[in-house]
Amino acid sequence: MDFLFDDSALPREPRQLRPGAWHVPGWLAPEMQSWIIKRFFEWGNGPVPPHQTLFNGHPMSVQSLCLGWHWSPSSYSRTADDINGAPVAPMEPWLVELGRRAVRDATGDPVKAQSYRPDAAIVNYYDVNATMGMHQDAEERINAPVVSLSLGDSSTFRMGNTEHRNRPWQEVRLASGDLFVFDGPARFAYHGVTRIHPGTAPQGCGLGSGRINITLRQTGLS
Ligand SMILES: O=C(O)CCC(=O)C(=O)O
Ligand SMILES: [Fe+2]
């Protein structure tokens, strides 16, 4: 199928993979996707360059950059002490607003959306060979939702359980424009990316190859 249609040509309905784990296909309109991809290239010229974070002494295969708070595997900081010591670029107000809308549209809970205040964005670029091992997003001090936006090539995303990194899990394809939200009982579920599907990005989206994933988080730090 990859060579006939990109994923936007297939009918895909919003669904809850497990309680609290929401997948909303095609949530970002094509124009919004290319607009965000332009911002991605601007962020690349920010104070902290895109980098491969060291995880247990090994470089991750994704290139990362952060807004609001700098993430390194065990903590958040305002300066990128493991990279160049520079202060992290500020969180974008439009991302905060987009995050609120994402929570509202995925969970259907306007009250939760209104109180959502993401203060960090982790932006990951996957080349076609990059993957991300099973992990929990657990450096945040509170259990506000994590909002995930996908752009460019599609990926195989693995949604696991909250107990350990092994089965049971479910796999879902995340395409350009898809929204995924981790909330409630799924907030601390293990998850990872097992594969990028080369050449599946929508034509003209502005990303030649690979995939961008942006996660919005509310750290609970001040
Ligand atoms: O790329 C994805 O879909 C997930 C990214 C992720 O899990 C993370 O940045 O913590
Ligand atoms: Fe994660």
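Per an unreviewed UniProt entry, the recorded name for the chain is Alkylated DNA repair protein (DNA oxidative demethylase), and the organism is Glutamicibacter protophormiae. Regarding the chain, the relevant UniProt record gives this comment under Cofactor (unreviewed entry): "Fe(2+)".

Chemist: Got a minute to help me understand the coordination of the iron ion (ligand 2) in this structure?
Modeler: Working reference: metal with six octahedral donors, ideal angles 90 or 180 degrees; metal with four tetrahedral donors, ideal angle 109.5 degrees. Around the iron ion (ligand 2), the donor atoms from the protein are His 135 (NE2), Asp 137 (OD) and His 191 (NE2), and they sit 2.1 to 2.2 Å away. Ordering the donors of the iron ion (ligand 2) by residue number gives the pattern H-x1-D-x53-H. You can see Asp 137 sitting in the loop between β9 (132–135) and β10 (146–152) and its partner His 191 sitting in strand β14 (residues 191–197), a full 54 residues away along the chain. When its relative accessible area of 3% is taken as the criterion, Asp 137 is described as buried. Residue classification places His 191 among the buried positions, given a relative accessible area of 7%.

Chemist: Is there a simple way to think about the sheet that holds strand β2 (residues 21–24) in this case?
Modeler: Hydrogen bonding along the main chain pairs the strands of a sheet, whether they run parallel or antiparallel. What the seven strands build is an open sheet, ordered β1-β2-β13-β10-β15-β8-β5; its pairing is antiparallel. The open sheet has two edge strands, β1 (15–18) and β5 (63–67), and neither has a second partner. Looking at each pair of strands side by side, their axes are set apart by 20° on average, direction ignored. Looking at chain direction, β10 and strand β13 (residues 179–182) are connected through four bridges and run antiparallel. By the bridge assignment for β13, Val 146 is matched with Phe 182.

Reading the values: rules and limits
Residues numbered from 1 in each chain as written. Chains lettered and ligands numbered in written order. Predicted model: local features only at pLDDT ≥ 70, side-chain atom pairs only at ≥ 80, totals over all residues. Heavy atoms only, no water. UniProt positions renumbered as here; feature names shortened; annotations may be inferred. Donors = N, O, S within 2.8 Å, 3.2 Å for Na, K, Ca; no water. Helix = DSSP H or I, 4+ residues; strand = E, 2+ residues; numbered from the N terminus. Buried < 20%, exposed > 50% of the residue type's maximum accessible area, 1.4 Å probe, protein only. Pairing = 2+ DSSP bridges. Axes fitted to C-alpha atoms, helices over the stretch in contact; angles between N-to-C directions.

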